[in-house]
Amino acid sequence: MQFWSKQSPAQIHQRVFEALRNNVDYKERSPLGLPASHLDEKVFTPQAAMLREAPFLATLVQNPNHIGCHTLGDSESFFAGTQEIERELIALCAVDILNGAEAGQFDGYVASGGTEANIQAMWIYRNYFMREHGAAATEIAILCSADAHYSMHKAANLLGVHGFAVATSPEDRCITASAIRETVAEAQASGAKYFIVVCNMMTTMFGSVDHPEPYMEVLEETGQPYQLHVDGAYGGFFFPFSKIEHTLDFSNPKVTSITLDAHKMVQAPYGTGIFLIRKGWMKYAYTEEAQYVQGLDATLSGSRSGANAISVWMILMTYGPHGWFEKIHILNYRTEWLCQQLRGRAIRFYRHPGSNIVTIHKSGIPGETAEQFGLVPDSHSQPEWYKVVVMDHVTIDALSELVEAL
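Residues numbered from 1 in each chain as written. Predicted model: local features only at pLDDT ≥ 70, side-chain atom pairs only at ≥ 80, totals over all residues. Heavy atoms only, no water.

*Asks:* Account for the side chain of Arg-351, naming residues and giving values.
*Replies:* Topologically, Arg-351 is positioned in the loop between strand E8 (349–350) and strand E9 (357–361). Take Arg-351: its relative accessible area is 14%, and that puts it in the buried class. Here the side chain of Arg-351 touches Pro-353 through a polar contact of 3.2 Å, landing on its backbone oxygen. In this structure the side chain of Arg-351 is engaged in a polar contact, spanning 2.8 Å, whose partner is the backbone oxygen of Ser-355. Filtering out sequence-adjacent residues up to four positions away, Arg-351 remains in contact with Asn-332, Thr-335, Glu-336, Cys-339, Ile-357 and Val-358. (Helix = DSSP H or I, 4+ residues; strand = E, 2+ residues; numbered from the N terminus. Buried < 20%, exposed > 50% of the residue type's maximum accessible area, 1.4 Å probe, protein only. Polar contact = N/O pair within 3.5 Å; in protein donor to acceptor, adjacent residues only side chain to side chain. Contact = heavy atoms within 4.5 Å.)

Right under this line is the structure:
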């Protein structure tokens, strides 16, 4: 681990407050050109005694604006202290969690969520194909599995490109080369010549995992230019620690970008999606008109809270890599316990072995029982499946009550 270590509360406290001291302090200095300040004191009364022991809350009150992508170099100097912690967080995720070989070879930022991070990737690749290949937007297609997150369809709509979903097997949720070949042929018939491929590191509903190799095989045999993005919004902080062999991280040279989402498994505040991409690609999202922003802006969100980046860094440093692995191991144990109970009762379900999501077929659970226990359906109008997500609050005791009801 190059960037990830377990730190004590005192070390975390010292680091965050040191960063805040390197940010602008509106009480000591009044920058006349910034359209921002600390939170309104008439509403958010600062209680100094409490904030002294609460690094995240203190950051929230000081309200640093992390506009831009700080791994690119020049950024708004007023918030240099907390920007440095965000840079460390990006390096930790890219290098230590997602097997990036070299530090300094990745860019990224803390986005509003996985949806924004996914759209950021597809925005970059659309612009790349248009600028470098002379492609029209209508010649570009997003290619993903039928189980992929709805943000892929949102991106296609926003960016004016095609979206195509590859059918998945109802039993193992896998995609095959033949299914991809069929979908690519359909896309080509609609005029698609360039492909943005999205592979899932745990889908939202099933926790299923895509292998990129079938996509690569089909597109390379047909000679279609493509770029590969991994949606790890659900699994990025879980699946890499399940010790399942895979090629969905930066050790795969074909993977150019990855989305993570800390407000799921990391239990960070909402607004903590993470976008990661190899060096040299963010330039396709530069907004040259943002001349008043130091370092310009290459992010979809623009202005964003620096407190969100601090919260994720604090959580990961509190656990450290070994503590995090232990946490995931415990959740995997609980998930497997539930699966054993379902098998013993011949109840149909799906679970990828590296996932903490168990999806139960409607044939094995009455709708009223699913509602009673707060299980989420794949469709609120016509549910076929209901999912259980095993997190810290989902204990064996809580799961045993569900099993008893079944």
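*Asks:* Can you explain the sheet that holds strand E10 (residues 376–377)? Please cite residues and give values.
*Replies:* Ordered in space as E8-E9-E11-E10, the four strands form an open sheet in which the pairing is antiparallel. The outermost strands of the open sheet, each flanked by one partner alone, are E8 and E10. Each of E8, E9 and strand E11 (385–389) is contacted by helix H9 (residues 306–344), which is oriented at about 20° to E9, the strand it contacts most. (Pairing = 2+ DSSP bridges. Axes fitted to C-alpha atoms, helices over the stretch in contact; angles between N-to-C directions.)

*Asks:* Please give an account of the environment of His-13 that cites residues and values.
*Replies:* Mapped onto the secondary structure, His-13 falls in helix H1 (residues 9–21). You can call His-13 partly exposed: its relative accessible area is 25%. Expressed as a C-alpha distance, the spacing of His-13 and Gly-367, which sit 354 residues apart in the sequence, is 47 Å. Apart from the residues lying within four places of it in its own chain, the contact partners of His-13 are Arg-52, Glu-53 and Pro-55.

*Asks:* Mind laying out the sheet that holds strand E3 (residues 162–166), listing which residues take part and the relevant values?
*Replies:* To summarise the sheet geometry, strands pair through backbone hydrogen bonds and adopt either a parallel or an antiparallel arrangement. Here seven strands make up an open sheet; going across it, the order is E1-E7-E6-E5-E4-E2-E3 and the pairing mixed. Unpaired on one side and paired on the other, strand E1 (106–111) and E3 mark the two borders of the sheet. Here the strands of the sheet are splayed against their neighbours by 20° on average, with no regard to which way each runs. Of the pairings in the sheet, the one linking E1 to strand E7 (residues 273–278) comprises six bridges and is antiparallel in character. Bridge pairing links Val-110 to Ile-274 in E7. Sitting on the sheet, helix H4 (residues 80–97) is in contact with E1, strand E6 (255–261) and E7, with an inclination near 115° to E1. Lying on the sheet, helix H5 (residues 114–133) is in contact with E1, strand E2 (140–145), strand E4 (194–200), strand E5 (226–232), E6 and E7; it crosses E5 at an angle near 175°.

*Asks:* Explain the nonpolar core residue by residue, including any values.
*Replies:* Burial of nonpolar side chains together is a common tendency in soluble globular proteins. By size, the foremost hydrophobic cluster in this structure holds 90 residues, and its most contacted members are Leu-143, Phe-195, Val-197, Phe-237, Ile-274 and Leu-276. If sequence neighbours within four positions are ignored, Phe-195 has contacts with Phe-129, Ala-141, Leu-143, Val-184, Ala-187, Gln-188, Leu-219, Gln-224, Pro-225, Tyr-226 and Gln-227. (Core = buried A, V, L, I, M, F, W, Y, C linked by side-chain atoms within 4.5 Å.)

*Asks:* Kindly report on H9, identifying the contributing residues and their values.
*Replies:* Here H9 spans only 48 Å end to end across 39 residues, well under the 57 Å set by a 1.5 Å rise per residue. Where H9 bends most, the angle comes to about 90°, and this point is Gly-320, followed within four residues by the proline Pro-321. Capping the start of H9 is the job of one residue whose side-chain oxygen sits 3.1 Å from the backbone nitrogen of Ala-307: Ser-305. Positive phi appears at Ala-346, one or two residues downstream of H9, with a value of about 55°. (Expected span 1.5 Å × (residues − 1). Bend = angle between axes of the 7 residues up to and from the residue.)

*Asks:* Can you break down the packing of H1 against H9 residue by residue, with the values?
*Replies:* Two numbers describe how H1 lies on H9: the axes approach to 10 Å, and their chain directions differ by 155°. By the angle between their directions, the pair H1 and H9 is classed as roughly antiparallel. H1 and H9 meet at a crossing whose hand is right-handed. Across the interface between the two elements, Ile-12, Arg-15 and Val-16 of H1 pack against Ile-310, Trp-313, Met-314, Met-317 and Thr-318 of H9. Within the contact of H1 with H9, the residues separate by chemical class into six nonpolar, one polar and one charged. (Parallel < 35°, antiparallel > 145°, perpendicular 65-115°, else oblique. Left-handed = near helix turned anticlockwise from the far one by under 90°. Nonpolar A, V, L, I, M, F, W, Y, C, P; charged D, E, K, R; others polar.)

*Asks:* Lay out helix H11 (residues 396–405) in plain terms, naming residues and giving numbers.
*Replies:* Within H11, burial applies to Leu-399, Leu-402 and Val-403. Buried positions in H11, seen along its axis, are confined to an arc of 100° and lie on one side of it. With respect to the buried face of H11, the exposed residues turned more than 90 degrees away are Asp-397, Glu-401 and Glu-404. The secondary structure elements touched by the buried residues of H11 are H9, helix H10 (367–372) and E11. (Arc of directions from axis to C-beta.)

*Asks:* Give me the lowdown on unusual backbone geometry, citing residues and values where you can.
*Replies:* Glycine aside, residues mostly have negative phi angles, and peptide bonds mostly take the trans form. A positive phi is found at Lys-243, a non-glycine position, where the angle reads about 60°. The residue Lys-243 is located in the loop between E5 and E6 in this model. Using a relative accessible area of 64% as the deciding quantity, one classes Lys-243 as exposed. Positive phi values are uncommon outside glycine, yet Ala-346 reaches one of about 55°. Locating Ala-346 in the fold gives a position in the loop between H9 and E8.

*Asks:* How would you explain the pattern of salt bridges if you had to name every residue and give the values?
*Replies:* Summed over the entire model, instances satisfying the criterion amount to 16 salt bridges. A salt bridge links Glu-220 to Lys-254, with the nearest nitrogen and oxygen atoms 3.4 Å apart. In this pair, Glu-220 sits in helix H8 (residues 212–222) while Lys-254 sits in the loop between E5 and E6, placing the two residues 34 residues apart along the sequence. Looking at Lys-254, the relative accessible area reads 37%, which means it is partly exposed. Across the pair Lys-264 and Asp-261 runs a salt bridge whose closest N-O atoms are separated by 2.7 Å. (Salt bridge = Lys/Arg side-chain N within 4 Å of Asp/Glu carboxyl O.)

*Asks:* Any chance you could break down the packing of aromatic side chains for me, citing the residues and the numbers?
*Replies:* Evaluated as defined, the whole model comprises 13 aromatic pairs. Judged by centre distance (5.7 Å) and plane angle (50°), the ring pair of Trp-281 and Tyr-284 falls under tilted. One aromatic cluster in this structure is built from Tyr-125, Tyr-128, Phe-129, Tyr-194, Trp-281 and Tyr-284. (Phe/Tyr/Trp six-rings, centres within 6.5 Å; stacked < 30°, edge-to-face > 60°.)

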